[in-house]
Structures are given as structure tokens and as C-alpha cells.
Amino acid sequence: MNRHLISAGDLSKDDALLILDTAEELARVSERSIKKLPTLRGRTVVNLFFEDSTRTRISFEAAAKRLSADVINFSAKGSSVSKGESLKDTALTLEAMGADAVVIRHGSSGAPHRLANWVHGSVVNAGDGTHEHPTQALLDAFSMRRRLGALDGRKVTIVGDVLHSRVARSNVLLLHTLGAEVTLVAPPTLLPVSVHTWPCEVSYDLDTVLAKSDVVMMLRVQKERMNAAYFPSEREYSRRYGLDRARFAKMPDDAIVMHPGPMNRGMEIAAEVADSSRSTIVEQVANGVTIRMAVLYLLLGGETA
Ligand code: CP
């Protein structure tokens, strides 16, 4: 495996399967009453978060601690970033404190790539702007594989605000590598202009795609990144692209529903669909710890599962 994890597109099929298989082994640790392994004792993992996060930040911290690493949590709020300190100087400060891995979330696409040029340790992208979120794609693939088995030939439909979604891009790249067939469904205004270069199909009509889907992954409408009107109203968006009870009923009986979180309940997904037994949303959070343990283990601690 590469020293860094910046893009899901950097992972070969063997790399991706190694991470998923290692996570499967490590999941057994998470089921024990004492959830700790000594594997990364003496290593330091820095969580460098310039953007808000609940799931990703907490799960990277839990993953590093379960592997016995020392963890330094850095949040831009309350740091010297507010005094104008640059990403490079912040990174070099953390490097001086002996970071073996830096997990970074940043509002700017490409920030983890820049960081990788400045530090000696491994860099893990925990979400950069609208670009990528590779560990989210890995935990999503892990969650699908646990429910459905191998992903070869599986039909995955990703619905909603693709334009602002780093989750969608990483999922398309990783799922294609793993042999799944991905269809993006969104209003034309919420698709990037380059989408025709992505290894997936595109549709504007959710109802025609649902019945053929093994997985329906709903994306959050990222209102905080919208500086214009991308759809007429929330009600209209929900009517055309929301997964409500009627649409859920059109899915095959064994198809699953996913969402990376946080959700806009009642907008892109109805509460009763999010809470149904065919929703993996809570599992995805638990699997996030396991996948991040596997990533840190393989980058810092070991070579094989
Ligand atoms: N899915 C995800 O990245 O959630 P957070 O923003 O809470 O980390």
C-alpha cells in the first residue's frame, strides 16, 4: 500500500480488499469486552480538523486508541490558525511533536495532498472540500459487503447533492475498483460538469432506477456549501429526489439503504426509512471505527491482515 491515503482512486483492487479483509479481522476486537490491541504502541496519530465533524473525528480517535497509539486532537477552532498560522506551519509544528500519521479534514480540496509534501509521516484524508473522503467510501464498501457479500456486479445508486459531495466521488472510484455498477441520480444542477468522466452512469429519474438497485445511498443536501438556488424549494427537492416510504416500497426486498450522515431527516430521507431494519446508517458509524483501525494498522503498523 501507498504511504498515504488521499484518494480512493489511489487504491488498487488488492489494496482495497486488503483493507476490507483486515477490517473484518479487527472487527472481532471491537466485539470483545476489552477492545484494545498493542499494535501501535509508541506511535502518535494527530487528528487535524479544520472543518466540523462528529463521526469521522471520533472514530479516528477511537480507532487509534484501540490500537494503543498516542492521539493528539487538533481543532482549528481555538488554535493559532485564528491568528493566521498557515496549514504548512501548523503541520510542521505537529511534525515537531513527533506525528507518525496526520489525519486531516480541511475545507479546501487538495489540502491533504499539499500536507503530504510537508510531513514525513503518513497522511490520511478525512474529507477535503468537495473532493474526497476515502475512509467513508471504505466503510461504506465494508458495510455493503457485510450485508450483501462480494460487490462484483452489485448495483449501487447514489442519490442527491453529488456536486458538493466528497463521499460520492470516493464511493464511485472505490466501488468501480471493486466491480460494482454505480448510478448517480441527481438534478442536473447538483452534478459536477466533469461527471461524464467518472466511471458510472447518470440518471435524473430516481423512480426508474430504484427497482434495479441493491443499494440506495442517499446524500446529504449540503446547504452550507450552497451560494445559489440549486432547486426550486426543499419540498420540491424532496418530492423528486427524497427517499420516502412510497419509494422505499419500490426497492427490491433485500436492497439496503445507506447515508453517510449527518442526515436531513424529512428532506433527502424519511425518518421511517432511515430507522428501518434495511438501513445500515448506524452500522456505518460502527464500521467506521473498524475501517479506520485497518487503515492506521496498514499504514503504520503492519503489512498483511
Ligand atoms: N460522514 C461524515 O463524514 O460525518 P462527519 O462529518 O460527522 O464526520
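Looking up the protein in an unreviewed UniProt entry gives the name Aspartate carbamoyltransferase, with the organism given as Nonomuraea glycinis. The protein has a UniProt comment under Subunit (unreviewed entry) that states "Heterododecamer (2C3:3R2) of six catalytic PyrB chains organized as two trimers (C3), and six regulatory PyrI chains organized as three dimers (R2)." Among the UniProt annotations of the protein, the heading Catalytic activity (unreviewed entry) holds the following wording: "carbamoyl phosphate + L-aspartate = N-carbamoyl-L-aspartate + phosphate + H(+)".

Draft legend 1. A look at the overall build of the protein. Looking only at helices and strands, one finds 11 helices and nine strands in the protein. For 305 residues, the compact-globule formula gives about 19 Å, and the C-alpha radius of gyration of the protein, at 19 Å, lands near that figure. Overall size of the protein, expressed as C-alpha extent along the three principal axes, is 55 × 45 × 35 Å. Looking at the protein as a whole, 56% of its 305 residues qualify as buried.

Draft legend 2. Main features of the UniProt feature "domain: Aspartate/ornithine carbamoyltransferase carbamoyl-P binding" (unreviewed entry) in the protein. Taking the numbering used here, the UniProt-annotated feature "domain: Aspartate/ornithine carbamoyltransferase carbamoyl-P binding" (unreviewed entry) corresponds to residues 3-145. Counting secondary structure, residues 3-145 comes out at 41% helix and 17% strand; the distance between its end C-alpha atoms is 25 Å.

Draft legend 3. Layout of the site of the ligand. Close contacts around the ligand come from Ser 53, Thr 54, Arg 55, Thr 56, Arg 105, His 133, Gln 136, Pro 260 and Gly 261, and that covers them all. Here Thr 56 contributes a side-chain N or O atom positioned 2.6 Å from an oxygen atom of the ligand. Pro 260 is positioned such that a nitrogen or oxygen atom in its backbone is 2.9 Å from a nitrogen atom of the ligand. For the ligand, whose accessible area on its own is 260 Å², the fraction buried by protein is 91%. Of the residues contributing to the shell around the ligand, the split by class is one nonpolar, six polar and two charged. The two domains that each donate at least three residues to the shell around the ligand are domain 1 (8-132 + 285-300) and domain 2 (134-280).

Draft legend 4. Here's a closer look at the side chain of Asn 287. Residue position: Asn 287 is located in helix α11 (residues 281-301). On the basis of relative accessible area, Asn 287 is assigned to the buried category, the value being 7%. Not counting residues within four places of it along the chain, the set of residues in contact with Asn 287 comprises Leu 139, Phe 142, Ser 143 and Arg 146.

Draft legend 5. Inspection of the domain arrangement of the protein at higher detail. Segmentation of the protein into domains returns domain 1 (8-132 + 285-300) and domain 2 (134-280). Relative to domain 2, the C-alpha centre of domain 1 lies at a distance of 25 Å. Of the residues lining the interface, 33 residues belong to domain 1; the matching set on domain 2 comes to 25 residues. Buried area between domain 1 and domain 2, both sides added, is near 2,500 Å², and the carbon and sulfur share of it is 57%. Between Lys 13 and Asp 152 there is a salt bridge whose closest N-O contact spans 3.6 Å. At the boundary of domain 1 and domain 2, one finds 10 residue pairs in polar contact (both at pLDDT 80 or more). Breaking the side of domain 1 that touches domain 2 down by element, the ones donating at least two residues are α1 (13-30), α2 (55-66), β3 (101-106), β4 (122-128) and α11. With nine residues, the top contributor of residues to the side of domain 1 that touches domain 2 is α1. In the side of domain 1 that touches domain 2, the residues fall into 12 nonpolar, 11 polar and 10 charged.

Draft legend 6. Representation of the pattern of salt bridges within the structure. Per the stated rule, a full pass over the model turns up 18 salt bridges. Here Glu 51 ties to Arg 166 by a salt bridge, and the two come within 3.0 Å at their closest N and O atoms. In this pair, Glu 51 sits in the loop between β1 (44-49) and α2 while Arg 166 sits in helix α6 (residues 166-177), placing the two residues 115 residues apart along the sequence. Residue classification places Arg 166 among the buried residues on the basis of a relative accessible area of 8%. We note a salt bridge from Arg 147 to Glu 283, for which the minimum N-O separation is 2.5 Å.

Parameters and conventions
- Residues numbered from 1 in each chain as written.
- Predicted model: local features only at pLDDT ≥ 70, side-chain atom pairs only at ≥ 80, totals over all residues.
- Heavy atoms only, no water.
- UniProt positions renumbered as here; feature names shortened; annotations may be inferred.
- Helix = DSSP H or I, 4+ residues; strand = E, 2+ residues; numbered from the N terminus.
- Rg over C-alpha atoms; globule rule 2.2 N^0.38 Å.
- Buried < 20%, exposed > 50% of the residue type's maximum accessible area, 1.4 Å probe, protein only.
- Near = heavy atom within 4 Å.
- Polar contact = N/O pair within 3.5 Å; in protein donor to acceptor, adjacent residues only side chain to side chain.
- Areas by Shrake-Rupley, 256 points an atom, 1.4 Å probe, with all protein chains shown as cover.
- Nonpolar A, V, L, I, M, F, W, Y, C, P; charged D, E, K, R; others polar.
- Domains from an automatic or database assignment.
- Contact = heavy atoms within 4.5 Å.
- Buried area = accessible area lost by both parts, 1.4 Å probe.
- Salt bridge = Lys/Arg side-chain N within 4 Å of Asp/Glu carboxyl O.

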